[in-house]
Amino acid sequence: MRNPQLNKHGELQHLLTLDGLPRSIITQILDTAAPFTEMAEREVKKLPLLRGKSVFNLFFENSTRTRTTFEIAAKRLSADVINLNVSTSSTKKGETLLDTVDNLCAMQADMFVVRHESSGAPHLIAQHLENTGRDHIHVVNAGDGRHAHPTQGLLDMYTIRHYKKEFHNLTVAIVGDVLHSRVARSQIAALTTLGVPEVRVIGPKTLLPTDVEKMGVRYCPTMEEGLKDVDVVMMLRLQNERMNGALLPSPQEFFKVWGLTAEKLARAKPDAIVMHPGPMNRGVEIDSAVADGSQAVILPQVTFGIAVRMAVMSMLGSH
Amino acid sequence: MKIHIQNGRLIDPANRLDGQHDLFIADGKIVGVGSAPDGFTAERTIDASGLVVAPGLIDLAARLREPGFEYKATLESEMDAAMAGGVTSLAIPPDTDPVLDEPGLVEMLCYRAKKLNRAHVYPVGALTIGLKGQQLSEMAELVEAGCVAFSQANTPILDTRVLGRAMQYAATFGFRVWLQPIDPHLARGGVAHDGEVASRLGLPGIPASSEIIALFTYLQMARLTGARLHITRLSSADSLALIDQARADGVDVTCDVAVHHLHLCDMDIGYFNPHCHVIPPLRSQRDRIALARAVAEGRINAICSDHTPVDDDAKQAPFSESEPGTTGLELLLPLTLKWAAEHKLPLIDALARITSEAARIAGIAKGGHLSVGARADICIFDPDAHQLISRSTLKSQGKNTPFLGLELPGRVHHTLVEGTPMYAAS
């Protein structure tokens, strides 16, 4: 089975997941993103790399931040951006996912940025494009179900590299709801691919995927154990609907045991950085003092996110 | 019509017969094995040189999609598929729309099938009205209408007391109860085996424990009620020990497995292949190996296709939104032969799983064997010829199978139903 993300020359054809993406391509994306961050400081923030191309933001699930950063990234590359909030239009009228895609292809789309509530939806679209001989159209996964959020994983790697330079000497902890998190899956895939020797996941067993160790991580139930001497703390968002019920008794208890406070963070290395994919639940997974503290790099993550998305889209648009 | 099938290798698992024997058919029945009865003059001769002559196959689970889902398949299209697959008897699960919980519906289905005059149809009635798990169906009436057993298909009964009573009521008459072990709470929302692959792909899992816990309950209920229990579609290795133990305790229990579970595991989902979305889910490689071995050892009695034609639209969706199921009538024989070859199992033992043993489970006395006097349901096939499985060669309206594009052994040359040639390979 050929990796559906790569074309026959081994170049990036779609960005669907970081799981199974070669290390060389991940590094290439991070390297490509570097000059784009500097560009953002300039007065004229535009490059003509995607001039004349149409990028369709196809969001079947609500999103503000990811959609906006993709839009900014595409516009800075001079693409025409069309935003479709499909959750309120065609699917409500019974149109299938692939019918929607076919219709947009008929409008001369060059790239789809897809968010969908079902794992594997971007794979399905990519497969469909290949089956119908439309190799010139690229798919970028902007988050699918619990499966993957590759650009988030990449911007997290960019952030880590920015502050820590290397990956091979790091200990990284991922904290919270790993089970439902596409962000965590993409982070784990990227960290292990880039050679981080120790990736820990911390949280209650109810929020842990089955056989999580087989993803190449070590499980730590408590923050005391899990945060000891780490270089990077990656917090995950806890969805409101999962705070009370059979997975967790209450947000209060979650905060008490796994919420990141200055006291718990003291277990980490003194120069450890704190990351969060946003939007944050202050007082549930992270204390405001930490979120706004000197070790937090949460806002730089957002800035780097634009550069990384520019890198991905420019690489896809170049072949 | 009087037919003489000559020069074939006759394999009849029920009578432990495997050798060069001619077969003689008259008035829809087998009238001679090896030698013709006195005064027999064949009106037609079928040359089976180099071919196997076996009883027509019996499939313990074939969804024909009527009534209710005619856009997915019809009796006509699926009967053609059965004939092309050498399958002459079909047990039909009750999960049609409306479900098979009313004698009139069952009679209608049997009547429609009989009019088409191809494979024999054996409806499995709903154990509870609407498969809702609340009110018992009219089992005695349903049997009169033609049902051979009672099941809940893939919809388990939530209330264990209702389950116990349904089994008790069936046991009153000695009716067979076919149950698929699914704990509804543990399986809720799941679409793939809860293991490494589902975790990586972010697919909601169905843990093996959902099967084992339900199975434990069913076996316990069989002990208490004395019901004749048949467990359908085993998927996990750890279920086997429970079945063994129950048998050792004297519980009357048989079990089957879907043929794709002998060949595929969760790794085959690959990049979200919706053709691998089946219920029960494809489990780990360890489970697959244990199941395949258990059928060879006879601990699992029968193999079925769990034939579920699904239209392309319902499959062309993200994995968890795609409709589960795989088409299988035309793959039952090839995949059974492939499994037998992998286990170096004699053909006669392999065929027993899809003929005589299946007949015993479904209570079919007239079919599944080639004794003199039996119904002349025959499948004549070449066990060594391979053929490509493709959308265009499949007769079933459902083209949904993970085996598309593969070459599989076993080419059916002739299918006879009650002595009438219904299918001949072109």
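Counting restarts for each chain, with residues numbered from 1 along the sequence as it is written. The naming scheme follows written order: chains are lettered A onward, ligands numbered 1 onward. Totals for whole chains, interfaces and linings use all residues, but because this is a predicted model, local features are given only for residues with pLDDT of at least 70 and pairs of side-chain atoms are given and counted only at 80 or more. Note that the side-chain values use all heavy atoms of the structure and ignore hydrogens as well as water.

As annotated in an unreviewed UniProt entry, chain B is Dihydroorotase from Zoogloea ramigera.

In the annotation of an unreviewed UniProt entry, chain A is listed under the name Aspartate carbamoyltransferase and assigned to Zoogloea ramigera. UniProt positions are given in the numbering used here, feature names are shortened, and annotations may be inferred rather than shown by experiment. Note on chain A: under the UniProt heading Subunit (unreviewed entry), the record states "Heterododecamer (2C3:3R2) of six catalytic PyrB chains organized as two trimers (C3), and six regulatory PyrI chains organized as three dimers (R2)." As recorded by UniProt, the Pathway (unreviewed entry) comment attached to chain A reads in full: "Pyrimidine metabolism; UMP biosynthesis via de novo pathway; (S)-dihydroorotate from bicarbonate: step 2/3."

Asker: Give me the packing of aromatic side chains: which residues, what numbers.
Answerer: Only centres within 6.5 Å qualify two rings of Phe, Tyr or Trp (six-membered ring in Trp) as a pair; their planes then separate them into stacked at under 30 degrees, edge-to-face at over 60, and tilted for everything else. Applying the stated criterion to the full structure yields seven aromatic pairs over all chains. Relative to Trp258 of chain A, the ring of Phe254 of chain A has its centre 5.7 Å away and its plane inclined at 40°; by these criteria the two rings are tilted. Here Trp258 of chain A and Phe254 of chain A lie together in helix α8 (residues 251-258), a separation of four residues that amounts to about one turn. You'll find Phe254 of chain A and Trp258 of chain A in the same group, each marked buried. Ring centres of Phe173 of chain B and Phe175 of chain B lie 4.8 Å apart, and the angle between their planes is 10°; this geometry places the pair in the stacked category. Per-residue accessibility, obtained with a 1.4 Å probe over protein chains only, is compared with the maximum for each type, and a residue is labelled buried under 20%, exposed over 50%, and partly exposed between these values. Using a relative accessible area of 38% as the deciding quantity, one classes Phe173 of chain B as partly exposed. On the basis of relative accessibility, which here comes to 14%, the residue Phe175 of chain B falls in the buried class. Secondary structure elements follow DSSP: runs of H or I no shorter than four residues count as helices, runs of E no shorter than two count as strands, and numbering proceeds from the N terminus.

Asker: How would you explain the UniProt feature "domain: Amidohydrolase" (unreviewed entry) in chain B if you had to name every residue and give the values?
Answerer: Here, the residues flagged by UniProt with the feature "domain: Amidohydrolase" (unreviewed entry) are residues 342-423 of chain B. Between the C-alpha atoms that bound residues 342-423 of chain B there is a distance of 29 Å. The span itself is 17% helix and 32% strand.

Asker: Report on the domain arrangement of chain A, specifying residues and quantitative values.
Answerer: Residue and element names in this part refer to chain A. Where each domain starts and ends comes from a domain assignment, either automatic or drawn from a database. According to the domain assignment, chain A consists of domain 1 (23-148 + 304-317) and domain 2 (150-302). If you average the C-alpha positions of domain 1 and of domain 2, the two centres end up 26 Å apart. On the domain 2 side, the residues contacting the 29 residues of domain 1 number 25 residues. Interface area, domain 1 with domain 2, both sides summed: about 2300 Å², of which 62% is carbon and sulfur. Buried surface area refers to the total accessible area, computed with a probe of radius 1.4 Å, that the two partners give up upon joining, counted for both partners together. Counting the surface domain 1 buries against domain 2, the share from its top three residues, Leu30, Arg146 and Phe304, is 34%. Residue contacts follow a heavy-atom distance rule, with two residues in contact if any of their heavy atoms lie within 4.5 Å.

Asker: Go over the UniProt feature "domain: Dihydroorotase catalytic" (unreviewed entry) in chain B, please, and point to the residues and values.
Answerer: What UniProt calls "domain: Dihydroorotase catalytic" (unreviewed entry) maps, in this numbering, to residues 52-238 of chain B. Secondary structure content for residues 52-238 of chain B is 40% helix and 19% strand, and the end C-alpha separation is 36 Å.

Asker: An account of the sheet that holds strand β5 (residues 171-175) of chain A is requested, with residue identities and associated values reported.
Answerer: All names here are of chain A. Here the rule is simple: two strands pair whenever DSSP picks up at least two bridges between them. With parallel pairing, five strands are arranged side by side in an open sheet as β7-β6-β5-β8-β9. Strands with a single pairing partner mark the edges of an open sheet, and in this sheet they are β7 (218-220) and β9 (273-275). Each strand axis lies, on average, 25° off the axis of its neighbour in the sheet, ignoring direction. Where β5 lies against strand β8 (residues 232-235), four bridges are found, and the strand directions are parallel. Pairing of Val172 across the sheet is with Val232, part of β8. In the packing of helix α5 (residues 150-164) onto the sheet, contacts are made with β8 and β9, and the angle to β9 comes to roughly 165°. Angular values range over 0 to 180 degrees, each being the angle between N-to-C directions of two axes fitted as lines to C-alpha atoms, with helices fitted over their stretch in contact.

Asker: Outline the packing of α5 of chain A against helix α6 (residues 182-193) of chain A, listing residues and values.
Answerer: Relative placement of two packed helices is described by the angle separating their axes and the distance separating the axes. Residues and elements named next belong to chain A. Contact pair α5 / α6: the axes reach a minimum separation of 8 Å and the direction vectors enclose 50°. On the basis of the axis angle, α5 is oblique to α6. Handedness of the α5/α6 crossing: right-handed. Here Pro150, Gln152, Gly153, Asp156, Met157 and Ile160 of α5 come into contact with α6, specifically with Val183, Ser186, Gln187, Ala190 and Leu191. Residues are grouped as follows: nonpolar covers Ala, Val, Leu, Ile, Met, Phe, Trp, Tyr, Cys and Pro; charged covers Asp, Glu, Lys and Arg; every other residue, Gly included, is treated as polar. Grouping the amino acids of the contact of α5 with α6 by side-chain chemistry returns six nonpolar, four polar and one charged. Throughout this description, any angle smaller than 35 degrees is read as roughly parallel, any larger than 145 degrees as roughly antiparallel, any in the 65 to 115 degree range as roughly perpendicular, and the remainder as oblique. Whether a crossing is left-handed or right-handed is set by the direction in which the near helix is turned from the far one by less than a right angle, anticlockwise for left-handed and clockwise for right-handed.

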